[in-house]
Every structure is written in structure tokens, then in C-alpha cells.
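Residue-level listing of the chains:
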Amino acid sequence: MKPAYLAFTLSALVPSVYGWGANGHMTVGFVAMPFLSPKALSFVQTSLGSTYNKSLGPAATWADEVRSQTAFSWSAPLHFVDAEDNPPTSCSVSETRDCSNGECILTAIANYTTRVVDQSLSAEQIQEALKFLGAFMMFLGDITQPLHVEALKLGGNDIAATCSGSSSNLHAVWDSGIINKLLAANYGNSVNTWANTLVTRIKTGTYKSIASSWISCSSITTPVSSRRSIEEDIFDILVLRPRAITPLECPLVWAQDSNAFDCSFVFNFSAGQDLCTSSYFTNAVPIIEQQIAKGGYRLAAWLNVLFDGATNLP
Ligand SMILES: *[C@@H]1O[C@H](CO)[C@@H](O)[C@H](O)[C@H]1NC(C)=O
Ligand SMILES: *[C@@H]1O[C@H](CO)[C@@H](O)[C@H](O)[C@H]1NC(C)=O
Ligand SMILES: *[C@@H]1O[C@H](CO)[C@@H](O)[C@H](O)[C@H]1NC(C)=O
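Residues numbered from 1 in each chain as written. Chains lettered and ligands numbered in written order. Predicted model: local features only at pLDDT ≥ 70, side-chain atom pairs only at ≥ 80, totals over all residues. Heavy atoms only, no water.

As recorded by an unreviewed UniProt entry, the protein chain carries the name Nuclease Le1 and is attributed to Hebeloma cylindrosporum. Among the UniProt annotations of the protein chain, the heading Sequence similarities (unreviewed entry) holds the following wording: "Belongs to the nuclease type I family." (UniProt positions renumbered as here; feature names shortened; annotations may be inferred.)

Here you go:
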């Protein structure tokens, strides 16, 4: 058995072609940690244990690592929702249109939300649920990656792109190309430094005034009277419709939030433009940093509601 620290270090070096790359996922996990309230924190530490240094950060890459294994191939469709929309002209996510077979990131979030608190499951199954949910974190993480909420050209995998002089594709540029360059340029290649910076922005900096809108899960156009909360989503799936594996309101709104970038920004480049050195990079960075911060903050809020009964966040 590899020491946890070694596994963590190696996984950090393996470039991922799935979901936010390993660095994006770990950062989402590390951002979530300081926002967990007592019972959620205690659950996370106990369930993940020393294998993951009691932290959602190191556990965040597990779901991407296993999805290529035969035993977990069933989980591959759970990492995204292929929105059959038409960017950049029109963007939308619809659970009936885009997740009709019941296997997508939206149903997976519902599934692992129920499983993580299901006392009839084994400790191993609960840890798996947390990693999926905490892979849910990855899912809450992936759901903030615009190209995980897009069907066009296989979520951009079939769109050629250049990153720092290397041939790549649009999906990979978003998963890891831009993030890896940003980490090297601004954060000394440390996901911990990046995560701490994002946490500080949420607590006292540029994200402070907007963070509450990230965890209110109704679109701005929804009348205040019919807005939905994380608490209502959790009550719905645990109490009103126990184990109903259908998309919940908050993840759907969050998917729509990411998918909107597919119309406003993601496809706005010209053939031959280097997406990791040009103005595309400069303009993508604030979007990606905010999406990663949102992923961590939402994950903490979700776990806090599940274990402590309230988001306990400003
Ligand atoms: C494990 O977590 C502790 C406390 O958060 C931290 O100080 C330490 O650096 C972590 N170890 C590794 C190998 O990441
Ligand atoms: C729910 O979780 C179980 C256990 O991991 C898995 O077998 C099943 O495929 C999941 N279903 C969905 C829709 O995510
Ligand atoms: C789209 O790209 C053009 C050319 O680089 C730029 O002027 C414009 O501001 C971009 N639009 C958005 C929404 O980023």
C-alpha cells in the first residue's frame, strides 16, 4: 500500500483529461475545508482518515482516477451533463432533455447525497459516497466547469486548441491547461497556496460580497418568494422523496450558471489563437478562479446542511 502522501503527490503530477484536472479538484476540496461546520468537519475527517490526510483536498482526485478502471466504468457518465443547447447563440440545461436516462452529474449529486448519510451502508460505502459526493465535491466541482455542462463537440473535446504552443483541445485547456499555467505563474505551483488565496478572497476579499449568491440556488430571475435553498433540496431528497434519484433544484441552477459561460465566453476565440498566452487566458483566469472558489464553498454548504442542519456560512 502506498503511503497516502505519495499517492497524493503522484496524483498531483498526473495530468487529468477528466473534469477539472487534478489541480482544480484538489483546490475545490481545500477551499471547502475551512468552511465546514463542526459535525460536517468531524464526519469528513473520520470518513477520509489518514488515507487522505483527513482532507477533501487529497480525496478530490479519486473519482477521476477510478473512472478509467473497468470496475468503475459505470461512473464515467456521472461526471458531466451534456447540454444539448446551441452555444454561443443559446445556452440552457434541462434535466428532461439532457439527463433523460437518469445518469448524469445531476442525478449523481442526488444519489450520493442520500448515500453519504445512509446509516445502512458500510463505512467503505459511505467513504465512497463522500468521495463521489466529495467526488460530489468533484461533482460539485465538475459542475462549475462550463464544458462539463455542454454537449457541443463532446464538451469541446473535439475542438482543437493551442495552449502555450502545444496542441490541445478546448476541454483540456479548461480542465488543466489554463489552471496549470496560472498555478506556475501566480501560486508557486502550490494548490494549497491557491486554495488559501481563494479562501481569503471569500472571507475578506473580492468574493466576500458575492459568496452568499453562490449558495442561494435560484437564478436571479426567480421571484424571491419562490426561491429555493440548499436546505429545501436536502429536505426534499431525505424526507419528502427519500432516495428519489432525480435532479435537485440547486445543482440544476449551478449547472445553468456554468453553462452560461459557454455562451458568454468559452467559445470566443479565433482559429490559431493560443488560449494559454493570449487575452483569452487573461480573461479566462477570473472566471476559472471564481468557479473553483464556488465549487469549494458550495461543497462546504452542502455538507454543512447535511450534517449540521444549516449552511452556517455568511
Ligand atoms: C496534512 O494536513 C495537515 C493539517 O491540515 C497539514 O499541515 C499537512 O501539511 C498535510 N500533509 C500533507 C502531506 O499534505
Ligand atoms: C448511485 O450510487 C451507487 C453506488 O455507487 C451506484 O451503483 C449507482 O450507479 C448510482 N446511481 C446514480 C444514478 O448515480
Ligand atoms: C471576445 O473576444 C474579443 C476578441 O478578443 C474581445 O474583444 C471580446 O471582449 C471578447 N468577449 C468576451 C465576452 O469576452
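We are not done yet, so read on.
Participant: Looking at this structure, how should I read the environment of Gly309?
Facilitator: Relative to the helices and strands, Gly309 is located in the segment after α16 (279–308). Sequence separation between Gly309 and Ala40 is 269 residues, and the spatial gap between their C-alpha atoms is 9.8 Å. (Helix = DSSP H or I, 4+ residues; strand = E, 2+ residues; numbered from the N terminus.)

Participant: Can you help me understand the pairing of strand β2 (residues 166–169) in this one?
Facilitator: A regular strand places its side chains on the two faces of the sheet in alternate fashion. Both strand β1 (residues 160–163) and β2 contribute to a ladder of four bridges, which runs antiparallel. Bridged to Ala160 within β2 is Asn169. Hairpin geometry of β1 and β2 is characterised by an intervening segment of two residues between the two adjacent antiparallel strands and by a positive phi of about 45° at Ser164. (Pairing = 2+ DSSP bridges.)

Participant: Explanation requested: the packing of helix α7 (residues 105–116) against helix α14 (residues 230–240) in the structure shown.
Facilitator: With their axes 10 Å apart at the nearest point, α7 and α14 run at an angle of 65° to one another. Classified by the interaxial angle, the pair formed by α7 and α14 is roughly perpendicular. Relative to α14, α7 is oriented so that their crossing is right-handed. Where α7 abuts α14, its residues Ala110, Thr113 and Thr114 lie against Ile234, Ile237 and Leu238. (Axes fitted to C-alpha atoms, helices over the stretch in contact; angles between N-to-C directions. Parallel < 35°, antiparallel > 145°, perpendicular 65-115°, else oblique. Left-handed = near helix turned anticlockwise from the far one by under 90°. Contact = heavy atoms within 4.5 Å.)

Participant: Sorry, what's going on with the site of ligand 3 here?
Facilitator: Every residue near ligand 3 is listed here: Ser264, Phe265 and Asn268. Between ligand 3 and the protein, one listed contact pairs an oxygen atom with a side-chain N or O atom of Asn268 at 2.5 Å. Within the complex, the protein chains bury 36% of what would otherwise be the 360 Å² of accessible surface of ligand 3. (Near = heavy atom within 4 Å. Polar contact = N/O pair within 3.5 Å; in protein donor to acceptor, adjacent residues only side chain to side chain. Areas by Shrake-Rupley, 256 points an atom, 1.4 Å probe, with all protein chains shown as cover.)

Participant: Before we go on, may I ask you to explain α7 in this structure?
Facilitator: The α-helix advances 3.6 residues per turn, and as a result positions three or four apart in sequence lie on the same side. The terminal C-alpha atoms of α7, which comprises twelve residues, lie 16 Å apart, in line with the 16 Å expected from a rise of 1.5 Å per residue. For α7, the buried fraction is high: ten of the twelve residues fall into the buried class. (Expected span 1.5 Å × (residues − 1). Buried < 20%, exposed > 50% of the residue type's maximum accessible area, 1.4 Å probe, protein only.)

Participant: Sorry, what's going on with the pattern of salt bridges here?
Facilitator: Should their charged atoms come close, side chains of opposite charge can pair. Summed over the entire model, instances satisfying the criterion amount to four salt bridges. In this structure, Lys294 and Asp257 form a salt bridge, with 2.8 Å as the shortest nitrogen-oxygen distance. Of this pair, Lys294 sits in helix α16 while Asp257 sits in helix α15 (residues 249–266), placing them 37 residues apart in sequence. For Asp257, a relative accessible area of 24% translates into the label partly exposed. (Salt bridge = Lys/Arg side-chain N within 4 Å of Asp/Glu carboxyl O.)

Participant: Looking at this structure, I do not really get unusual backbone geometry. What am I missing?
Facilitator: Phi is mostly negative for residues that are not glycine, and the peptide bonds are mostly trans. The peptide bond linking Pro87 to Pro88 adopts the cis configuration, its omega dihedral lying at 0°. Checked against the element boundaries, Pro88 lands in the loop between α5 (62–66) and α6 (95–98). The residue Asn53 is not glycine, and still its phi comes out positive at about 55°. Take Asn53: it is sitting in the loop between α3 (38–48) and α4 (56–59). On the basis of relative accessible area, Asn53 is assigned to the exposed category, the value being 62%.

Participant: Would you mind showing me how to read the state of the cysteines here?
Facilitator: Formally, a disulfide is one covalent bond, and it connects the sulfur atom of one cysteine to the sulfur atom of another. A complete count under the given rule lists three disulfides for this structure. Across the disulfide, Cys163 is cross-linked to Cys276 (sulfur-sulfur distance 2.0 Å). Taking the torsion about the S-S bond as the criterion, the Cys163 to Cys276 disulfide, at about -100°, is left-handed. Of the two residues, Cys163 sits in strand β1 while Cys276 sits in the loop between α15 and α16, which places them 113 residues apart along the sequence. Residue class for Cys163 comes out buried when judged on its relative accessible area of 13%. (Disulfide = S-S within 2.5 Å.)

Participant: What is the right way to read the packing of aromatic side chains from this model?
Facilitator: Aromatic rings considered in pairs are described by the distance between their centres and by the relative angle of their planes. For the structure shown, the criterion picks out 15 aromatic pairs. Taking 5.1 Å as the distance between ring centres and 85° as the angle between the ring planes, the aromatic pair formed by Phe35 and Tyr297 counts as edge-to-face. Note that Phe35 is positioned in the loop between α2 (22–32) and α3 and Tyr297 in helix α16, a separation of 262 residues in sequence. Its relative accessible area of 8% is what places Phe35 among the buried residues. Seen in terms of ring centroids, Trp254 and Trp302 are 5.8 Å apart; in terms of plane orientation they differ by 65°. Their pairing is edge-to-face. Here the residue Trp254 occupies a position in helix α15, and Trp302 occupies one in helix α16, the gap between them amounting to 48 residues. Both residues of the pair, Trp254 and Trp302, count as buried. Aromatic ring contacts, followed pair by pair, group Trp62, Phe72, Trp74, Tyr112 and Phe132 into a single cluster. The positively charged end of Lys181 is found above the aromatic ring belonging to Phe281, 4.2 Å away from the centroid. Directly above the ring of Phe35 sits Lys203, whose terminal nitrogen or CZ lies 5.6 Å from the centroid. (Phe/Tyr/Trp six-rings, centres within 6.5 Å; stacked < 30°, edge-to-face > 60°. Lys NZ or Arg CZ within 6 Å of the ring centre and 35° of its normal.)

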